[in-house]
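These are the residues of each chain, in order.
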Amino acid sequence: YQRRVRVFTLLPNPFKMALIGQGDPRWIVDEREDGKNVNNWHWTEQDVTPWAKSRLEELFKSAVIVDNSSAKCKLSGTDKIAGEVSVNTRKGKVFFFFELEVKLNWKGFLKNANGEKAGTAKGTVSIPGLSEENETDFEVTVSVEGNTAEGNQLKEAVRTSVTPLLRTKIAQFLKELREDKAPKLPKADSKVLSSSTSSSGETRKTNSGTPEAAPKFSIATRTVSMNIEFRAPARQLYETLTDSGMVSAFTQSRAQISREVGSEFVLFNGNITGKILSLEPNKKIAQDWRFSSWPAAHFSKVTIELEEKGSTTTLKLVQHGVPDSDYERTEQGWRNFFWDRIKVLFGLEYKLVNTK
(Lines give C-alpha, C1' and ligand atoms only; values in the text may rest on other atoms or scores of the structure.)
Protein backbone atom coordinates (compact mmCIF):
# COMPACT_ATOMS: atom_id res chain seq x y z
CA TYR A 1 0.00 0.00 0.00
CA GLN A 2 2.98 2.30 -0.28
CA ARG A 3 2.25 5.69 -1.82
CA ARG A 4 -1.44 4.84 -2.22
CA VAL A 5 -2.41 8.30 -1.05
CA ARG A 6 -0.73 9.75 -4.13
CA VAL A 7 -3.09 7.75 -6.33
CA PHE A 8 -6.24 8.66 -4.45
CA THR A 9 -5.50 12.37 -4.46
CA LEU A 10 -5.81 12.26 -8.24
CA LEU A 11 -9.42 11.05 -8.05
CA PRO A 12 -12.33 13.51 -8.19
CA ASN A 13 -13.24 14.67 -4.69
CA PRO A 14 -16.52 12.88 -3.82
CA PHE A 15 -17.08 14.92 -0.66
CA LYS A 16 -18.16 18.51 -0.27
CA MET A 17 -15.92 20.02 2.36
CA ALA A 18 -17.17 22.61 4.82
CA LEU A 19 -16.29 26.25 4.28
CA ILE A 20 -14.53 28.24 6.98
CA GLY A 21 -16.96 28.85 9.80
CA GLN A 22 -19.30 26.11 8.65
CA GLY A 23 -19.66 22.41 9.45
CA ASP A 24 -19.40 20.44 12.64
CA PRO A 25 -17.11 22.39 14.99
CA ARG A 26 -15.83 19.15 16.52
CA TRP A 27 -14.18 18.31 13.19
CA ILE A 28 -12.75 21.81 12.59
CA VAL A 29 -9.83 23.39 14.47
CA ASP A 30 -10.80 26.91 15.52
CA GLU A 31 -8.24 29.67 15.98
CA ARG A 32 -8.12 32.13 18.86
CA GLU A 33 -9.12 35.70 18.06
CA ASP A 34 -5.71 36.94 19.19
CA GLY A 35 -3.99 34.36 16.97
CA LYS A 36 -1.98 32.92 19.85
CA ASN A 37 -1.20 29.22 19.82
CA VAL A 38 -1.20 28.67 23.60
CA ASN A 39 1.17 25.88 24.71
CA ASN A 40 1.41 24.90 21.01
CA TRP A 41 -2.04 23.33 21.38
CA HIS A 42 -3.14 23.81 17.78
CA TRP A 43 -1.65 22.02 14.80
CA THR A 44 1.20 23.85 13.07
CA GLU A 45 3.22 22.73 10.08
CA GLN A 46 6.66 23.79 8.86
CA ASP A 47 7.81 22.76 5.38
CA VAL A 48 11.46 21.64 5.48
CA THR A 49 11.48 20.01 2.04
CA PRO A 50 14.15 22.32 0.53
CA TRP A 51 16.54 21.55 3.41
CA ALA A 52 15.77 17.83 3.17
CA LYS A 53 16.51 17.62 -0.54
CA SER A 54 19.73 19.59 -0.19
CA ARG A 55 20.92 17.51 2.76
CA LEU A 56 20.19 14.20 1.05
CA GLU A 57 22.13 15.30 -2.02
CA GLU A 58 25.10 16.08 0.23
CA LEU A 59 24.91 12.72 1.98
CA PHE A 60 24.69 10.74 -1.24
CA LYS A 61 27.35 12.71 -3.13
CA SER A 62 30.18 10.46 -4.36
CA ALA A 63 29.43 7.80 -1.76
CA VAL A 64 31.34 4.60 -2.49
CA ILE A 65 29.04 1.61 -2.96
CA VAL A 66 31.61 -1.13 -3.40
CA ASP A 67 35.41 -1.20 -3.71
CA ASN A 68 37.04 -4.61 -3.74
CA SER A 69 39.46 -6.65 -5.82
CA SER A 70 36.96 -7.17 -8.65
CA ALA A 71 34.99 -3.90 -8.90
CA LYS A 72 34.58 -0.33 -7.76
CA CYS A 73 31.28 1.56 -7.94
CA LYS A 74 30.06 4.81 -6.44
CA LEU A 75 27.10 7.17 -6.53
CA SER A 76 27.71 9.79 -9.19
CA GLY A 77 24.88 12.27 -8.70
CA THR A 78 21.23 12.84 -7.91
CA ASP A 79 18.71 12.27 -10.68
CA LYS A 80 15.58 13.10 -8.66
CA ILE A 81 14.41 13.73 -5.11
CA ALA A 82 10.67 14.37 -5.13
CA GLY A 83 8.10 14.61 -2.36
CA GLU A 84 7.74 16.55 0.87
CA VAL A 85 9.07 16.71 4.41
CA SER A 86 7.42 18.64 7.23
CA VAL A 87 7.73 19.23 10.96
CA ASN A 88 4.44 19.54 12.81
CA THR A 89 3.47 20.44 16.36
CA ARG A 90 0.32 19.63 18.25
CA LYS A 91 -0.42 19.85 21.98
CA GLY A 92 3.22 20.58 22.70
CA LYS A 93 4.41 17.49 20.81
CA VAL A 94 6.43 17.28 17.59
CA PHE A 95 5.53 15.05 14.64
CA PHE A 96 7.64 14.44 11.54
CA PHE A 97 6.09 13.55 8.19
CA PHE A 98 8.01 12.65 5.06
CA GLU A 99 7.17 10.98 1.78
CA LEU A 100 9.97 10.93 -0.75
CA GLU A 101 10.94 9.34 -4.04
CA VAL A 102 14.69 9.16 -4.62
CA LYS A 103 16.57 8.32 -7.80
CA LEU A 104 20.38 8.36 -7.86
CA ASN A 105 23.00 7.73 -10.53
CA TRP A 106 25.87 5.31 -10.16
CA LYS A 107 28.94 4.43 -12.17
CA GLY A 108 31.70 1.89 -11.82
CA PHE A 109 34.25 -0.39 -13.40
CA LEU A 110 35.49 -3.95 -13.18
CA LYS A 111 39.09 -4.70 -12.24
CA ASN A 112 41.44 -7.20 -13.83
CA ALA A 113 44.05 -9.22 -11.99
CA ASN A 114 46.33 -6.17 -11.87
CA GLY A 115 43.60 -3.92 -10.43
CA GLU A 116 43.20 -2.04 -13.71
CA LYS A 117 39.91 -1.10 -15.35
CA ALA A 118 38.48 -3.97 -17.35
CA GLY A 119 35.02 -2.67 -18.22
CA THR A 120 32.74 0.19 -17.19
CA ALA A 121 29.04 0.73 -16.71
CA LYS A 122 26.55 3.17 -15.21
CA GLY A 123 22.92 3.13 -14.12
CA THR A 124 20.48 4.26 -11.45
CA VAL A 125 19.51 3.35 -7.89
CA SER A 126 15.93 4.14 -6.87
CA ILE A 127 13.94 4.32 -3.64
CA PRO A 128 10.37 4.46 -4.99
CA GLY A 129 8.79 5.24 -1.63
CA LEU A 130 10.44 6.49 1.58
CA SER A 131 8.16 7.49 4.46
CA GLU A 132 7.86 7.32 8.24
CA GLU A 133 6.20 3.91 7.75
CA ASN A 134 9.19 2.18 6.13
CA GLU A 135 12.18 4.29 7.11
CA THR A 136 14.24 1.22 8.04
CA ASP A 137 12.84 -1.21 5.48
CA PHE A 138 12.37 0.69 2.23
CA GLU A 139 12.52 -0.87 -1.24
CA VAL A 140 15.60 -0.33 -3.42
CA THR A 141 15.81 -1.03 -7.15
CA VAL A 142 18.93 -0.99 -9.34
CA SER A 143 19.18 -0.61 -13.10
CA VAL A 144 22.04 -0.50 -15.61
CA GLU A 145 22.35 1.10 -19.02
CA GLY A 146 22.72 -1.41 -21.82
CA ASN A 147 22.84 -5.17 -21.63
CA THR A 148 26.45 -6.27 -21.48
CA ALA A 149 28.17 -8.91 -19.40
CA GLU A 150 30.29 -6.26 -17.67
CA GLY A 151 27.29 -4.06 -17.01
CA ASN A 152 25.24 -6.88 -15.52
CA GLN A 153 28.15 -7.92 -13.31
CA LEU A 154 28.53 -4.38 -12.00
CA LYS A 155 24.77 -4.06 -11.52
CA GLU A 156 24.83 -7.16 -9.32
CA ALA A 157 27.73 -5.73 -7.31
CA VAL A 158 25.75 -2.53 -6.75
CA ARG A 159 22.56 -4.41 -5.89
CA THR A 160 24.20 -6.48 -3.15
CA SER A 161 26.00 -3.52 -1.53
CA VAL A 162 23.95 -0.37 -2.00
CA THR A 163 21.05 -1.03 0.41
CA PRO A 164 23.16 -0.96 3.63
CA LEU A 165 24.82 2.22 2.37
CA LEU A 166 21.47 3.91 1.70
CA ARG A 167 20.07 2.85 5.07
CA THR A 168 23.06 4.37 6.82
CA LYS A 169 22.69 7.66 4.92
CA ILE A 170 18.92 7.77 5.47
CA ALA A 171 19.35 7.07 9.19
CA GLN A 172 21.81 9.97 9.45
CA PHE A 173 19.40 12.25 7.57
CA LEU A 174 16.48 11.34 9.86
CA LYS A 175 18.60 11.82 12.97
CA GLU A 176 19.50 15.33 11.83
CA LEU A 177 15.88 16.04 10.87
CA ARG A 178 14.55 15.04 14.29
CA GLU A 179 17.32 16.65 16.32
CA ASP A 180 18.07 19.82 14.38
CA LYS A 181 14.70 20.71 12.88
CA ALA A 182 12.51 20.05 15.90
CA PRO A 183 11.24 23.37 17.32
CA LYS A 184 11.97 24.26 20.92
CA LEU A 185 8.60 24.01 22.62
CA PRO A 186 7.66 25.40 26.04
CA LYS A 187 6.19 22.91 28.45
CA ALA A 188 2.42 23.05 28.69
CA ASP A 189 0.80 23.87 32.01
CA SER A 190 -0.18 20.71 33.81
CA LYS A 191 -3.72 20.31 35.06
CA VAL A 192 -4.88 17.58 37.38
CA LEU A 193 -8.43 16.35 36.99
CA SER A 194 -10.23 15.19 40.11
CA SER A 195 -11.32 11.58 40.12
CA SER A 196 -14.98 10.69 40.37
CA THR A 197 -17.23 7.95 39.14
CA SER A 198 -18.53 8.12 35.59
CA SER A 199 -22.22 8.69 35.09
CA SER A 200 -22.16 5.54 33.01
CA GLY A 201 -22.34 2.31 34.95
CA GLU A 202 -22.40 0.15 31.87
CA THR A 203 -20.66 -3.15 31.41
CA ARG A 204 -19.80 -4.94 28.21
CA LYS A 205 -18.78 -8.49 27.42
CA THR A 206 -15.43 -9.55 26.09
CA ASN A 207 -15.01 -12.23 23.44
CA SER A 208 -14.76 -14.78 26.20
CA GLY A 209 -18.18 -13.75 27.50
CA THR A 210 -16.81 -12.30 30.78
CA PRO A 211 -18.46 -8.97 31.69
CA GLU A 212 -15.98 -6.10 31.49
CA ALA A 213 -16.74 -2.94 33.44
CA ALA A 214 -16.71 0.32 31.51
CA PRO A 215 -13.79 2.56 32.49
CA LYS A 216 -14.38 5.42 34.92
CA PHE A 217 -14.18 9.03 33.82
CA SER A 218 -14.10 12.35 35.64
CA ILE A 219 -16.96 13.89 33.62
CA ALA A 220 -20.45 12.79 32.60
CA THR A 221 -20.05 10.45 29.62
CA ARG A 222 -21.95 8.12 27.35
CA THR A 223 -20.99 5.13 25.21
CA VAL A 224 -21.20 5.02 21.43
CA SER A 225 -21.86 1.50 20.17
CA MET A 226 -22.53 0.33 16.63
CA ASN A 227 -22.43 -2.86 14.61
CA ILE A 228 -21.75 -2.49 10.90
CA GLU A 229 -21.75 -5.23 8.29
CA PHE A 230 -19.24 -4.63 5.49
CA ARG A 231 -19.07 -6.59 2.26
CA ALA A 232 -15.31 -6.99 2.63
CA PRO A 233 -12.80 -9.31 4.30
CA ALA A 234 -11.61 -8.45 7.79
CA ARG A 235 -8.06 -8.03 6.51
CA GLN A 236 -9.11 -5.22 4.16
CA LEU A 237 -10.99 -3.36 6.89
CA TYR A 238 -8.09 -3.73 9.32
CA GLU A 239 -5.64 -2.34 6.77
CA THR A 240 -8.00 0.50 5.84
CA LEU A 241 -8.17 1.63 9.48
CA THR A 242 -4.46 1.23 10.32
CA ASP A 243 -2.54 2.12 7.13
CA SER A 244 -1.55 5.79 7.15
CA GLY A 245 -1.87 6.11 3.36
CA MET A 246 -5.40 4.71 3.33
CA VAL A 247 -6.46 6.74 6.38
CA SER A 248 -5.03 9.89 4.77
CA ALA A 249 -7.05 9.12 1.65
CA PHE A 250 -10.47 8.71 3.25
CA THR A 251 -9.99 11.50 5.82
CA GLN A 252 -8.69 13.81 3.04
CA SER A 253 -5.91 15.02 5.31
CA ARG A 254 -2.46 13.82 6.24
CA ALA A 255 -2.82 11.15 8.91
CA GLN A 256 -0.20 9.82 11.29
CA ILE A 257 -1.04 6.29 12.37
CA SER A 258 0.89 3.03 12.49
CA ARG A 259 0.51 -0.61 13.47
CA GLU A 260 2.69 -0.23 16.55
CA VAL A 261 1.23 -0.67 20.02
CA GLY A 262 1.95 2.39 22.14
CA SER A 263 2.31 4.73 19.18
CA GLU A 264 0.31 7.93 18.97
CA PHE A 265 -1.96 8.81 16.06
CA VAL A 266 -3.12 12.12 14.62
CA LEU A 267 -6.15 12.46 12.31
CA PHE A 268 -7.97 15.34 10.63
CA ASN A 269 -5.03 17.74 10.99
CA GLY A 270 -4.82 17.19 14.73
CA ASN A 271 -8.51 17.41 15.50
CA ILE A 272 -8.47 13.74 16.60
CA THR A 273 -5.51 12.36 18.55
CA GLY A 274 -4.84 9.27 20.59
CA LYS A 275 -2.73 6.20 21.23
CA ILE A 276 -2.80 2.61 20.01
CA LEU A 277 -3.44 0.47 23.10
CA SER A 278 -3.54 -2.99 21.53
CA LEU A 279 -3.78 -4.68 18.14
CA GLU A 280 -4.83 -8.12 16.95
CA PRO A 281 -4.21 -8.21 13.18
CA ASN A 282 -7.48 -8.48 11.24
CA LYS A 283 -9.42 -8.90 14.51
CA LYS A 284 -9.20 -6.02 16.98
CA ILE A 285 -8.05 -2.41 17.42
CA ALA A 286 -8.06 -0.66 20.82
CA GLN A 287 -7.28 3.04 21.22
CA ASP A 288 -7.25 6.02 23.53
CA TRP A 289 -9.18 8.56 21.42
CA ARG A 290 -10.14 12.23 21.85
CA PHE A 291 -11.32 15.33 20.05
CA SER A 292 -9.18 18.43 20.53
CA SER A 293 -12.30 20.24 21.83
CA TRP A 294 -12.76 17.84 24.75
CA PRO A 295 -11.62 18.73 28.27
CA ALA A 296 -7.86 18.60 28.68
CA ALA A 297 -6.43 15.11 29.22
CA HIS A 298 -9.81 13.42 28.70
CA PHE A 299 -9.65 10.40 26.39
CA SER A 300 -12.38 7.99 25.41
CA LYS A 301 -11.68 4.27 24.98
CA VAL A 302 -12.37 2.92 21.48
CA THR A 303 -12.52 -0.78 20.70
CA ILE A 304 -13.12 -2.05 17.16
CA GLU A 305 -13.64 -5.80 16.73
CA LEU A 306 -13.82 -7.51 13.33
CA GLU A 307 -15.67 -10.77 12.82
CA GLU A 308 -15.54 -12.27 9.34
CA LYS A 309 -18.27 -14.62 8.13
CA GLY A 310 -18.26 -15.70 4.51
CA SER A 311 -18.16 -12.65 2.22
CA THR A 312 -18.96 -10.13 4.96
CA THR A 313 -17.30 -8.78 8.09
CA THR A 314 -19.14 -7.34 11.09
CA LEU A 315 -17.36 -4.36 12.60
CA LYS A 316 -18.30 -3.85 16.24
CA LEU A 317 -17.37 -0.45 17.60
CA VAL A 318 -17.64 0.49 21.27
CA GLN A 319 -16.47 3.92 22.44
CA HIS A 320 -16.64 4.49 26.20
CA GLY A 321 -16.18 7.95 27.69
CA VAL A 322 -17.72 10.25 25.07
CA PRO A 323 -18.68 13.51 26.82
CA ASP A 324 -22.46 13.55 27.22
CA SER A 325 -22.77 16.88 25.37
CA ASP A 326 -20.82 15.50 22.39
CA TYR A 327 -22.49 12.11 22.01
CA GLU A 328 -24.60 12.78 18.89
CA ARG A 329 -21.84 14.58 17.01
CA THR A 330 -19.33 11.84 17.78
CA GLU A 331 -21.68 9.06 16.68
CA GLN A 332 -22.59 10.92 13.49
CA GLY A 333 -18.91 11.60 12.83
CA TRP A 334 -18.12 7.90 12.69
CA ARG A 335 -20.78 7.46 10.02
CA ASN A 336 -20.09 10.57 7.95
CA PHE A 337 -16.31 10.82 8.18
CA PHE A 338 -15.32 7.16 8.45
CA TRP A 339 -17.81 4.59 7.15
CA ASP A 340 -19.39 6.73 4.39
CA ARG A 341 -16.01 7.89 3.10
CA ILE A 342 -14.57 4.37 3.18
CA LYS A 343 -17.60 3.21 1.19
CA VAL A 344 -17.24 5.92 -1.47
CA LEU A 345 -13.45 5.82 -1.80
CA PHE A 346 -12.73 2.10 -1.49
CA GLY A 347 -16.08 0.70 -2.62
CA LEU A 348 -16.71 -1.15 0.64
CA GLU A 349 -20.48 -1.41 0.86
CA TYR A 350 -21.95 -1.58 4.37
CA LYS A 351 -25.18 -1.60 6.30
CA LEU A 352 -25.78 -0.47 9.86
CA VAL A 353 -26.98 -3.40 11.96
CA ASN A 354 -27.63 -1.48 15.17
CA THR A 355 -26.42 1.44 17.25
CA LYS A 356 -27.06 2.69 20.75
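All values derive from a computational prediction rather than experimental measurement. (Residues numbered from 1 in each chain as written. Predicted model: local features only at pLDDT ≥ 70, side-chain atom pairs only at ≥ 80, totals over all residues. Heavy atoms only, no water.)

1. Observations concerning the overall build of the protein
- Each helix and strand in the protein was counted, giving six helices and 15 strands.
- Here the protein holds 356 residues, and the buried ones make up 43% of them.
- On the protein, roughly 18,800 Å² of surface is accessible, and the fraction owed to carbon and sulfur atoms is 47%. (Helix = DSSP H or I, 4+ residues; strand = E, 2+ residues; numbered from the N terminus. Buried < 20%, exposed > 50% of the residue type's maximum accessible area, 1.4 Å probe, protein only. Areas by Shrake-Rupley, 256 points an atom, 1.4 Å probe, with all protein chains shown as cover.)

2. Considerations on the nonpolar core
- The biggest cluster of nonpolar side chains holds 39 residues, and the ones touching the most others in it are Phe230, Leu315, Trp334 and Trp339.
- Of all the elements, helix H6 (residues 327-346) adds the most residues to this core, at seven residues.
- When neighbours within four sequence positions are excluded, leucine 315 is seen to be in contact with Met226, Asn227, Ile228, Phe230, Leu241, Ile304, Glu305, Leu306 and Trp339.
- The next biggest cluster of nonpolar side chains, apart from the first, holds 38 residues, and it includes Phe96, Val102, Val144 and Leu166. (Core = buried A, V, L, I, M, F, W, Y, C linked by side-chain atoms within 4.5 Å. Contact = heavy atoms within 4.5 Å.)

3. Section: the pattern of salt bridges
- Across all of its chains, the model carries 16 salt bridges by this definition.
- Residues glutamate 101 and lysine 80 are paired through a salt bridge, measuring 3.2 Å at the closest nitrogen-oxygen approach. Taken together, the positions of glutamate 101 in strand E4 (residues 93-111) and lysine 80 in strand E3 (residues 71-90) put the pair 21 residues apart, joining distant regions of the chain.
- Overall, the relative accessible area of 27% leaves glutamate 101 in the partly exposed class.
- The structure contains a network of salt bridges with shared partners spanning Arg55, Glu58 and Glu176. (Salt bridge = Lys/Arg side-chain N within 4 Å of Asp/Glu carboxyl O.)

4. Concerning the pairing of strand E14 (residues 312-323)
- Counting buried positions along E14 gives 11 out of 12 residues, so the element sits mostly inside the fold.
- Of the strand pairs in this sheet, strand E9 (residues 221-230) and E14 are connected by nine bridges, and their pairing is antiparallel. For valine 224, the partnering residue across the bridge sits in E14 and is glutamine 319.
- Pairing geometry for strand E13 (residues 300-309) and E14, over nine bridges, is antiparallel. In the sheet register, glutamate 308 faces E14, and the bridge partner there is threonine 313.
- Between the antiparallel neighbours E13 and E14 lie two residues, among them glycine 310 with a positive phi of about 65 degrees. (Pairing = 2+ DSSP bridges.)

5. Examining the environment of lysine 53
- Positionally, lysine 53 belongs in helix H2 (residues 49-60).
- Residues lysine 53 and threonine 78, spaced 25 residues apart in sequence, show a C-alpha to C-alpha distance of 10.0 Å.
- Look past the residues within four positions of lysine 53 in its chain and what remains in contact with it is Ile81, Ala82 and Gly83.

6. Focus: the packing of aromatic side chains
- Under the criterion given, the structure shown has 13 aromatic pairs.
- Ring geometry for tryptophan 289 and tryptophan 294: centres 5.8 Å apart, planes at 55 degrees, overall tilted.
- The class for tryptophan 289 is buried, based on a relative accessible area of 1%.
- Pairing tryptophan 334 with tryptophan 339 gives two aromatic rings, centres 5.6 Å apart and planes at 15 degrees, and the pair type is stacked.
- One aromatic cluster in this structure is built from Phe230, Phe250, Phe268, Trp289, Phe291, Trp294, Trp334, Phe337, Phe338, Trp339 and Tyr350.
- Stacked on the ring of phenylalanine 109, the Lys or Arg lysine 117 has its end atom at 5.0 Å from the ring centre.
- Positioned above the aromatic ring of tyrosine 327 is the side chain of arginine 222, whose terminal nitrogen or guanidinium carbon lies 3.7 Å from the ring centre. (Phe/Tyr/Trp six-rings, centres within 6.5 Å; stacked < 30°, edge-to-face > 60°. Lys NZ or Arg CZ within 6 Å of the ring centre and 35° of its normal.)

Structural measurements only, silent on function.
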